[in-house]
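As a plain string of letters, each chain reads:
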Amino acid sequence: MNTLRLVLRKLAGGIPLVLGVTLISFVLMVYYGPDLTYTLLSKNPTAEEIASVRAQLGYDRPFWWRYIDYLRELVTLDFGHSFSSGERVTSLLARTLPVSLALLAPGFVLGNLLGIAFGLLAAWHRGGWIDKLIMGFSVVGMSISFLVVIVAFQALFGVVLGWFPVRGWNVHDLPSYLYYVTVPTLASVFVALGYNTRFFRAVLVEELGRDHVRTARAFGAGPLSVMMKNVLMNAMIPIVTRVLFSIPLVVVSGSLLIESYFGIPGIGKATFEAITSGDQPVLKAVVGLTALLFVVILIAADVLYTWLDPRVSLDRAEAA
Amino acid sequence: MNPGADAPLTADVDARTPLQDARAAFLADRWAVTGLLTVLVCFIMALGAWLGLWATGWSELGDQRWAGPSADHWLGTNLLGQDIFQRAVASTRTAFEVGVLVAVASTVLGAVLGGLAGYSAGSWIDSIILWLKGTLDAIPFYLFVAAVAFALKGNPWAMHIAMTATFWTTTGRLVRGEVLRLKNREFVEAARALGLPHRIVLFRHILPNTVPVLLVQATITFVAAIKSEVILSFLGLGIQDGVSWGLMIAESSQEVLAGHYMNFIAASGFLFVLVMGFNLFADGLQDALDPKRAVKR
């Protein structure tokens, strides 16, 4: 019951956020996005033809009416039809989103798990050569551009070794999935690992310095048990926060780059094409749904905090 | 009677200012100094390219395409016969332009908005700034930058504006926290008791104390700006005319598949060296300016 109240209150608190995100992005697309009137018209259009196309695109209506329409579309999750392809936006999302999730999930999970594993290892040996080696690799990894990694991995695995495809996404079963997903996954793990390891190590080192860890050591608990039970479990809140809040960024920003480069028909590529072609219905859907996802994650984080740490009461979570 | 009055004077040992302390700590950190020197070398390269001392021929077309490294072309030539080494050096200038402008602009914006929010915490000014920050954070970065860059297409500053609009939020959050911590300290109360206007208290008395945070954030933003420039230029949303590592990598992405590696190696090598140098420098700076440093050791 308490949880339900918290969720409802957080949902209400998320409204200004959703309004802000949709308003800023809608101003950008309406006033600065490309004007499609003449793209859709034949040569030498009459004034009536121009007016009818503008009406069809919704350009002739006042900004605020269009914005209110947008909000209604967001509530009903019905964004109409794409300007460029005429496809229903919902079916476009249903087609591209699973591809992006299948593409990004392995890299996201592996990047975080390996980051935690290396973070644990480095934190346990802090100051020693293992720590220095891991942190050295992290800084090197952080200094290599995502773009460089993508181009290099593509050249290495696709051309020099010839093990994996250079472009495309022709997935119908598990072997073909592994065939297409491997290089993008390796690239995203490589890029995320440096940042993740550094973050997780910092959090774990802080926890290691606490008295309860010293007490556990004094009672003779072994390294593995201390690191897993005393350190990792107590550091779960910052770790969960980081992992959760990186989800929307990975889904949209991460997919944009990988999918444009590898020519994979996912949500990122569709979004990028919508930006450059002024396909407002698609952009409205992506931006609005990302904002909603953000609010859902804010709520999920609060619920998880109370679950991970019983000391975090719902009242305090509400006050925060 | 002042208990310290007859103690021996050891001022030259103990009375070092925090700044001198930080400098000593920084200089004792070998990696940090290596990073600083690397950045300085890159900066001199950029300055020379800017003043027209070298790398002036980066756009000259040659008749020999995809030539290997030679005395004339240290790193060979690209598809159009342009000298890859000169292009890579000239790109250093582009990188510094983007990095410095975005880092300075977002640090100033973050300091002002974060300062205002922290100083007026709980008021409507604070709420509006927090809302703006939350909103900008909830828009995925590349989507936002791409939209702004597209919105201001043809404007050479589109990319800088878009990055500044997103990068100030982290600085703003940290400054807000610092100001919240500082604003109830005695020196602020003293300034207020003197009847100084809020503007002076905030900008002359509180914000100067957040300089360590601002310095570290500026170096982190610099790195982020350079790395984003490369990706945006690759996507065609960044540098419009001129040369940058991102444009070079974009050119090279097809060449690499055909087995011509020099353009790619040169651009990513220069990029890596500058970013790595800056990362080491930023780490050292952060450690040196960390007030908890003395306690940690």
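These numbers were taken from a predicted model, which means no experiment stands behind them.

Draft legend 1. Structural view of the overall build of chain B. If you tally the helices and strands in chain B, you get 13 helices and zero strands. Secondary structure elements in chain B, listed N-terminal to C-terminal, are α-α-α-α-α-α-α-α-α-α-α-α-α. Taken across its 297 residues, chain B has 48% of its residues classed as buried. Taken as a whole, chain B presents about 14900 Å² of accessible surface, with 64% of it coming from carbon and sulfur.

Draft legend 2. Layout of the pattern of salt bridges. Within the structure shown, the criterion is met by 15 salt bridges over all chains. Here Arg210 of chain A makes a salt bridge to Glu206 of chain A, at a shortest N to O gap of 3.9 Å. We classify Arg210 of chain A as partly exposed; its relative accessible area is 40%. Looking at Glu206 of chain A, the relative accessible area reads 52%, which means it is exposed. Put simply, Asp137 of chain B and Lys133 of chain B hold a salt bridge, and the shortest N to O gap is 2.7 Å. Of this pair, Asp137 of chain B and Lys133 of chain B both sit in helix H5 (residues 124–138), separated by four residues, roughly a single helical turn. Looking at Asp137 of chain B, the relative accessible area reads 27%, which means it is partly exposed. Linked by salt bridges that have partners in common, Glu206, Glu207 and Arg210 of chain A make up one network.

Draft legend 3. Up close: helix H7 (residues 146–160) of chain A. Residue and element names in this part refer to chain A. For H7, built from 15 residues, the straight-helix expectation of 21 Å at 1.5 Å per residue is met to within 8% by its first-to-last C-alpha distance of 20 Å. When you tally the buried positions in H7, you get eleven out of 15 residues, the bulk of the element. Along H7, the residues that are buried comprise Phe146, Leu147, Val148, Val149, Ile150, Val151, Phe153, Gln154, Ala155, Phe157 and Gly158. One side-chain oxygen of the residue at the start of H7 lies 3.2 Å from the amide nitrogen of Leu147, identifying that residue as Ser145. Two residues or fewer past H7, Gly162 is found with a positive phi of approximately 70°.

Draft legend 4. Looking closely at the packing of helix H4 (residues 84–119) of chain B against helix H10 (residues 211–235) of chain B. Residue and element names in this part refer to chain B. At a minimum axis separation of 8 Å, H4 and H10 run at an interaxial angle of 135°. Considered as vectors, H4 and H10 are oriented oblique to each other. Every pair of crossing elements has a handedness; the one defined by H4 and H10 is right-handed. Touching Ala95, Phe96, Val98, Gly99, Val100, Val102, Ala103, Ser106, Thr107 and Ala111 of H4 are Leu214, Ala218, Thr221, Phe222, Ala225, Ile226 and Glu229, all from H10. Here the contact of H4 with H10 is built from residues that sort into twelve nonpolar, four polar and one charged.

Draft legend 5. Quick look at the packing of helix H11 (residues 236–262) of chain A against H10 of chain B. The interhelical angle for the contact between H11 of chain A and H10 of chain B, taken along N-to-C directions, is 40°, at an axis separation of 12 Å. What the angle tells us is that H11 of chain A and H10 of chain B run oblique. Considering how the two elements wind past one another, H11 of chain A and H10 of chain B form a crossing that is left-handed. Along its contact with H11 of chain A, which presents Leu256, Leu257, Ser260 and Tyr261 of chain A, the element H10 of chain B presents Ile231, Phe234 and Leu235 of chain B. Of the residues in the contact of H11 of chain A with H10 of chain B, the class split is six nonpolar, one polar and no charged.

Draft legend 6. Structural context of the packing of aromatic side chains. Residue and element names in this part refer to chain A. Tallying each qualifying case throughout the model produces 26 aromatic pairs over all chains. Their ring planes at 40° and their centres at 6.0 Å tell us that Phe26 and Tyr67 sit as a pair that is tilted. Taken together, the residues Phe26 in helix H1 (residues 2–32) and Tyr67 in helix H4 (residues 63–76) connect sequence positions 41 residues apart. Across this residue pair, the class does not change: Phe26 and Tyr67 are buried. These aromatic residues form a ring-pair network of at least three members: Phe153, Phe157, Trp163, Phe164, Trp169, Tyr177, Tyr179, Tyr180 and Phe190. Over the aromatic face of Phe199 sits the side chain of Arg242, whose NZ or CZ is 4.6 Å from the ring centroid.

Draft legend 7. Quick peek at H1 of chain A. All names here are of chain A. If you check H1, its first and last C-alpha atoms are 45 Å apart, about what 31 residues at 1.5 Å a residue would give, namely 45 Å. At Gly14, H1 shows its largest kink, close to 30°, and the proline Pro16 lies no more than four residues downstream. Here H1 has its buried residues at Leu6, Gly14, Leu17, Val18, Gly20, Val21, Thr22, Ser25, Phe26, Leu28, Met29 and Val30.

Draft legend 8. Broad picture of the environment of Leu256 of chain A. Along the polypeptide, Leu256 of chain A turns up in helix H11. For the pair formed by Leu256 of chain A and Val160 of chain A, sequence separation is 96 residues and the distance between their alpha carbons is 26 Å. Excluding its chain neighbours within four sequence positions, the residues that come into contact with Leu256 of chain A are Gly268 and Phe272 of chain A together with Tyr142, Leu143 and Leu235 of chain B.

Draft legend 9. Summary view of the side chain of Gln280 of chain A. Residue and element names in this part refer to chain A. Looking at the element boundaries, Gln280 is found in helix H13 (residues 280–308). Under the relative-accessibility criterion, Gln280 is labelled buried at 5%. Those residues in contact with Gln280 that sit more than four places away from it in its chain are Met29, Val30, Tyr59, Arg66 and Phe83.

Draft legend 10. Quick peek at the interface of chain A and chain B. Between chain A and chain B, the contact holds 42 residues from the first and 38 residues from the second. Of the roughly 3500 Å² buried between chain A and chain B, counting both surfaces, carbon and sulfur atoms make up 80%. When the shortest N-O distance is used, the salt bridge between Arg198 of chain A and Asp283 of chain B registers 2.8 Å. Counting the contacts that link chain A with chain B gives five residue pairs in polar contact (both at pLDDT 80 or more). Looking at the side of chain A that touches chain B, the elements that each hand over two or more residues are H1, helix H6 (129–143), H7, helix H8 (174–208), H11, helix H12 (267–277) and H13 of chain A.

Draft legend 11. Expanded view of unusual backbone geometry. Residues and elements named next belong to chain A. Phi at Leu77 is positive, roughly 60°, even though this residue is not glycine. Along the chain, Leu77 turns up in the loop between H4 and helix H5 (89–124). Assessed through its relative accessible area of 44%, Leu77 is described here as partly exposed.

Draft legend 12. Looking closely at the confidence of the model for chain B. Residue and element names in this part refer to chain B. When the pLDDT values of chain B are averaged, the result is 83; 88% of them are 70 or greater. Here residues 1–5 is a poorly scored stretch, pLDDT under 50, and it has zero contacts once near neighbours within four places are set aside; other chains count. Interface scoring of the predicted complex returns ipTM 0.80; its pTM is 0.84.

Draft legend 13. Seen up close, the environment of Val18 of chain A. All names here are of chain A. Its location among the elements puts Val18 in helix H1. In this structure the C-alpha to C-alpha distance between Val18 and Phe199, which are 181 residues apart in sequence, comes to 29 Å. With sequence-adjacent residues up to four places away left out, Val18 is seen in contact with Leu74, Ala291, Leu292 and Val295.

Reading the values: rules and limits
- Numbers given to residues run from 1 along each chain, matching the order in which its sequence is written.
- As they are written, the chains are lettered A onward and the ligands numbered 1 onward, keeping that order.
- The predicted origin of the model limits local features to residues at a pLDDT of at least 70 and limits the giving and counting of side-chain atom pairs to 80 or more, whereas totals for whole chains, interfaces and linings rest on all residues.
- The basis for every side-chain value is the complete set of non-hydrogen atoms in the structure, without hydrogens or water.
- Where helices and strands are cited, they refer to DSSP runs of H or I of at least four residues and of E of at least two residues respectively, numbered from the N terminus.
- In this scheme, a residue with accessible area under 20% of its type's maximum is buried, one over 50% is exposed, and one in between is partly exposed, where area comes from a 1.4 Å probe on protein chains only.
- Accessible surface area values rest on a Shrake-Rupley calculation with a 1.4 Å probe, where residue burial reflects the displayed protein chains alone.
- A carboxyl oxygen of Asp or Glu within 4 Å of a side-chain nitrogen of Lys or Arg is what we treat as a salt bridge.
- Expected helix span is taken as 1.5 Å per residue step, with the number of steps being one fewer than the number of residues.
- N or O atoms closer than or at 3.5 Å make up a polar contact, with two conditions inside protein: a donor-capable atom paired with an acceptor-capable one, and, for residues adjacent in sequence, both atoms drawn from side chains.
- Every axis corresponds to a line fitted to the C-alpha atoms, with the helix fit spanning only the stretch in contact, and the corresponding angles, defined between N-to-C directions, vary from 0 to 180 degrees.
- Each angle is binned into one of four classes, with values under 35 degrees roughly parallel, values over 145 roughly antiparallel, values of 65 to 115 roughly perpendicular, and all other values oblique.
- A clockwise turn of the near helix away from the far one marks a right-handed crossing, whereas an anticlockwise turn of less than a right angle marks a left-handed crossing.
- Working rule for contacts: check all heavy atoms of both residues, and any pair within 4.5 Å makes them a contact.
- For this scheme, ten residues count as nonpolar: Ala, Val, Leu, Ile, Met, Phe, Trp, Tyr, Cys and Pro. Four count as charged, namely Asp, Glu, Lys and Arg, and the remainder, Gly too, count as polar.
- Planes of paired rings set the category: under 30 degrees apart is stacked, over 60 is edge-to-face and the rest tilted, where pairs are Phe, Tyr or Trp rings (Trp by its six-membered ring) whose centres lie within 6.5 Å.
- Remark: a charge is flagged as sitting over a ring if the NZ atom of Lys or the CZ atom of Arg is within 6 Å of the ring centre and within 35 degrees of the ring normal.
- Throughout, bend refers to the angle between the axes fitted to the seven residues that end at a position and the seven residues that start at it.
- As a working definition, buried area equals the accessible area (1.4 Å probe) given up by two parts on being put together, with both sides summed.
- Think of pLDDT as the predictor's per-residue confidence, scored from 0 to 100.

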